[in-house]
Amino acid sequence: MKLKRALALMLAGVMVTASLAGCGGGADTGSGDTAAPETNAEETADTDASADDPYAAYAGTTISVAAIETAYGSDMWTKVCEAFTAETGIEVQLTTDKNLEDVIGPSMQGGEYPDVVHLATGREAGLTEQFIKDNLIADITDVLSMTVPGEDVKVSDKIAGGFTETSLTNPYNDGKTYLAPMFYSPCGLFYNAGLLEEKGWTVPTTWDEMWELGDKAAEEGISLFTYPTTGYFDAFFYALMYSAGGPEFFEAATHYEEGVWDTEEAKTCFDIVTKLASYTNPVTPAQANDQDFTQNQQLVLDNKAIFMPNGTWIVGEMAEAPRADGFEWGMTALPAVSEGGDQYSYTWFEQCWVPAGATNQDAAKLFISFLYSDTACQLFAEAGAVQPVLGISDTLTGDNQLFYSIYDNGAKAAMGNFAAFNAIPGIEVRKSFFDPVNSLVSGGITEQDWIDGVKAASDQMRANLK
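Model, not experiment: these values are computed from the prediction. (Residues numbered from 1 in each chain as written. Predicted model: local features only at pLDDT ≥ 70, side-chain atom pairs only at ≥ 80, totals over all residues. Heavy atoms only, no water.)

Peer 1: Explain the overall build of the protein to me, using residue names and the numbers behind them.
Peer 2: Looking only at helices and strands, one finds 19 helices and 10 strands in the protein. For the protein, the residues scored as buried account for 52% of the 466 residues in total. Relative to all contacts within the protein whose residues are 6 or more apart in sequence, the contacts with residues 24 or more apart total 76%. Of the roughly 20500 Å² of accessible surface on the protein, a fraction of 48% belongs to carbon and sulfur atoms. (Helix = DSSP H or I, 4+ residues; strand = E, 2+ residues; numbered from the N terminus. Buried < 20%, exposed > 50% of the residue type's maximum accessible area, 1.4 Å probe, protein only. Contact = heavy atoms within 4.5 Å. Areas by Shrake-Rupley, 256 points an atom, 1.4 Å probe, with all protein chains shown as cover.)

See the structure below:
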């Protein structure tokens, strides 16, 4: 597969070179004295057109955009692509699908790449992670210095601070940006605020209080916890690592520092997740997959579980689902490890990128720059997708206003993820770190089994760091 990709990249380069050569030869088709004035006149006309139209160089260009269809739907992408075409004249062939990997994967294996891909890390298929590991994602650092189409500001002036300075956008730690930050969401524990009010229960601010609530709920046949899939433990575990040891521990752990999983901070994280597994609704593991995950989310709406890790998209995702009387969305940061400790909410965001083998990389970068325009941000926001741009929270209403104010109410923001490493057969972050939670809940493994697996995988990841 990797050889096919490499050949595709080489062929793409040859095709571009041949295309440029063809254009150069085409300019010298005349002979005699009459040909030169015609060519000069055309060049002058082109120059004038370029002065009036900053996108004249892209005349006749069509780019392909592949975007994952999530709870936000696909209509917003259609509208944004149409707005981009209206602004630049560049046509867009749009592909959206809930299982995007299955749609674009086969053609990419054959060397045919979309020009722009909107597909976040952390998905079960791990396609984006594979492209990162194989160095098949283009450097888009120059997008930050580009002027947003239709506006007079640069992209870097619009994106909120911190979003282009994490391993989620700079996976190789080389000072360059490879993935553009997209729709962001404060992640935390979502629950039915109506249930807690009805029972007279308060939202836990420490894990000790969480266990106390779990015991009370169990007496009434309600589980304390559930989760959609184990993939949702990435944001959960990142925030937990910050809570247990702060940014220093998070940095050491996510870069697989030798001995990091033997520290007290690591033990705290493992102990909390293992104990939480014992409070988890027992049907959760069987439904924790990309087809049935909404059934686990339904457990919260039906008051069969109190908390679940999730992001702000949950509201739209479950908008048509039945729910208990008096249901009202609530969201809280992870409880503090000890009284007076910090509570953290992970800031999860999606990513948009350009395959290194894409044919129209310059036009693709222009498209990405447009995604931060006021026009695009408004179209996305109408569907519930919030771009990480300055001042966006001032435009939000309803549940989103509640969710995005979590950092105004005492929670600290956690950001970042595990560092990229060269491909290792059978070794993935999700498989090694988070998927075992299913077996913890079902009783298939012990906490020590989980820890041993994490340490073994971490050793290999450290040895293969990019």
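Anyway, onward from the coordinates.
Peer 1: A description of the layout of surface pockets should follow, citing residues and the corresponding values.
Peer 2: The volume enclosed by the largest pocket comes to roughly 910 Å³. In this structure, the largest pocket is lined by 37 residues; those nearest its centre are Thr70, Arg123, Tyr232, Phe293 and Glu317. Mapped by element, the contributors of at least two residues to the lining of the largest pocket are helix H9 (233-254), helix H12 (293-301), strand S7 (305-310) and strand S9 (344-353). With five residues, the top contributor of residues to the lining of the largest pocket is S9. The computed volume of the second largest pocket comes to approximately 720 Å³. Around the second largest pocket sit 38 residues that line it, and Gly122, Arg123, Gly126, Glu129 and Glu428 are the ones nearest its centre. In terms of residue class, the lining of the second largest pocket is built from 17 nonpolar, 10 polar and 11 charged. (1 Å grid on protein atoms, 1.4 Å probe; cavity = no way out; pocket = protein on both sides within 12 Å on 5 of 7 lines; lining within 4 Å. Points joined across faces, edges and corners; volume = space filled by probe spheres on them. Nonpolar A, V, L, I, M, F, W, Y, C, P; charged D, E, K, R; others polar.)

Peer 1: Break down the pattern of salt bridges for me, citing the residues and quoting the values.
Peer 2: Taken as a whole and judged by the stated rule, the model has 12 salt bridges. A salt bridge links Arg123 to Glu101; the shortest N-O distance between them is 2.6 Å. Of this pair, Arg123 sits in the loop between strand S3 (116-118) and helix H5 (127-133) while Glu101 sits in helix H4 (residues 100-109); the two residues are 22 residues apart in sequence, bridging distant segments of the chain. Residue Glu101 is classed as buried on the basis of its relative accessible area of 9%. Across the salt bridge formed by Lys133 and Glu428, the nearest N and O atoms sit 2.7 Å from each other. Linking Lys133 in helix H5 with Glu428 in the loop between strand S10 (412-414) and helix H17 (429-434), this pair joins segments that are 295 residues apart in sequence. (Salt bridge = Lys/Arg side-chain N within 4 Å of Asp/Glu carboxyl O.)

Peer 1: Please set out empty space enclosed by the protein residue by residue, giving values where relevant.
Peer 2: To find the voids left in a structure, one rolls a probe of water-molecule size over its atoms. Enumeration over the complete set of coordinates arrives at one cavity of 30 Å³ or more. In this structure, the largest cavity occupies an estimated 30 Å³ of space. The class makeup of the residues in the lining of the largest cavity is seven nonpolar, one polar and no charged.

Peer 1: Help me get a handle on the pairing of strand S1 (residues 62-68), residues and values and all.
Peer 2: Where burial is concerned, most of S1 is hidden: six out of the seven residues are buried. Note: S1 against strand S2 (residues 91-97), seven bridges, orientation parallel. By the bridge assignment for S2, Ile63 is matched with Val92. Considered for its hand, the β-α-β crossover made up of S1, helix H3 (residues 75-88) and S2 is right-handed. Across three bridges, the pairing between S1 and S3 is parallel. Each residue of the ladder has a partner; that of Ala67, found in S3, is His118. (Pairing = 2+ DSSP bridges. Right-handed = clockwise from strand over helix to strand, strands pointing away.)

Peer 1: An account of the packing of helix H10 (residues 264-278) against helix H19 (residues 447-463) is needed here, citing residue identities and associated values.
Peer 2: It is the contact of H10 with H19, at a shortest axis distance of 10 Å, that shows an interaxial angle of 135 degrees. Compared by their axis directions, H10 and H19 come out oblique. Once H10 is placed against H19, the crossing between them reads as right-handed. Of the residues in H19, those in contact with Lys267, Phe270, Asp271, Val273 and Thr274 of H10 are Glu447, Trp450, Ile451 and Val454. (Axes fitted to C-alpha atoms, helices over the stretch in contact; angles between N-to-C directions. Parallel < 35°, antiparallel > 145°, perpendicular 65-115°, else oblique. Left-handed = near helix turned anticlockwise from the far one by under 90°.)

Peer 1: Can you break down the sheet that holds strand S8 (residues 329-332) residue by residue, with the values?
Peer 2: If you walk across this open sheet you meet the four strands as S6-S7-S5-S8, and the pairing is mixed. Two strands in the sheet have a free side with no partner beyond their single neighbour: strand S6 (223-225) and S8. The mean angle between the axes of side-by-side strands here comes to 25 degrees, regardless of whether they run parallel or antiparallel. Strand direction decides the pairing type here: S6 and S7, joined by two bridges, are parallel. For Phe225, the partnering residue across the bridge sits in S7 and is Phe307.

Peer 1: Lay out the nonpolar core with the relevant residues and their values.
Peer 2: Most often, soluble globular proteins have nonpolar side chains that are buried together. Residues Trp261 and Ile306 are the most contacted members of the largest nonpolar core, which totals 135 residues. Top contributing element to this core by residue count: H9, with 13 residues. (Core = buried A, V, L, I, M, F, W, Y, C linked by side-chain atoms within 4.5 Å.)

Peer 1: Please give an account of unusual backbone geometry that cites residues and values.
Peer 2: Notably, Asn135 is not glycine yet its phi reads approximately 55 degrees, a positive angle. Mapping Asn135 onto the fold places it in the loop between H5 and helix H6 (155-158). For Asn135, a relative accessible area of 47% puts it in the partly exposed group. With phi around 60 degrees, Asn303 is a residue other than glycine that occupies positive phi space.

Peer 1: Lay out helix H15 (residues 374-382) with the relevant residues and their values.
Peer 2: If you check which residues of H15 are buried, you get Ala376, Cys377, Leu379 and Phe380. Looking down the long axis of H15, one finds its buried residues gathered within 165 degrees of arc, a one-sided arrangement. The outward face of H15, more than 90 degrees from its buried face, is lined by the exposed residues Asp374 and Glu382. The positive-phi residue at the C-terminal boundary of H15 is Gly384, with phi of around 95 degrees. (Arc of directions from axis to C-beta.)

Peer 1: I'd like to hear about the environment of Met108, residue by residue, with values.
Peer 2: Mapped onto the elements, Met108 comes out in helix H4. Considering only alpha carbons, one finds Met108 and Ala358, 250 residues apart in sequence, at a separation of 9.9 Å.

Peer 1: So what about the environment of Gly453? Which residues, and what values?
Peer 2: Position of Gly453 among the secondary structure elements: in helix H19. Accessibility expressed as a relative area gives 33% for Gly453, which makes it partly exposed. A C-alpha to C-alpha distance of 6.5 Å links Gly453 and Ser432, two positions 21 residues apart in sequence.

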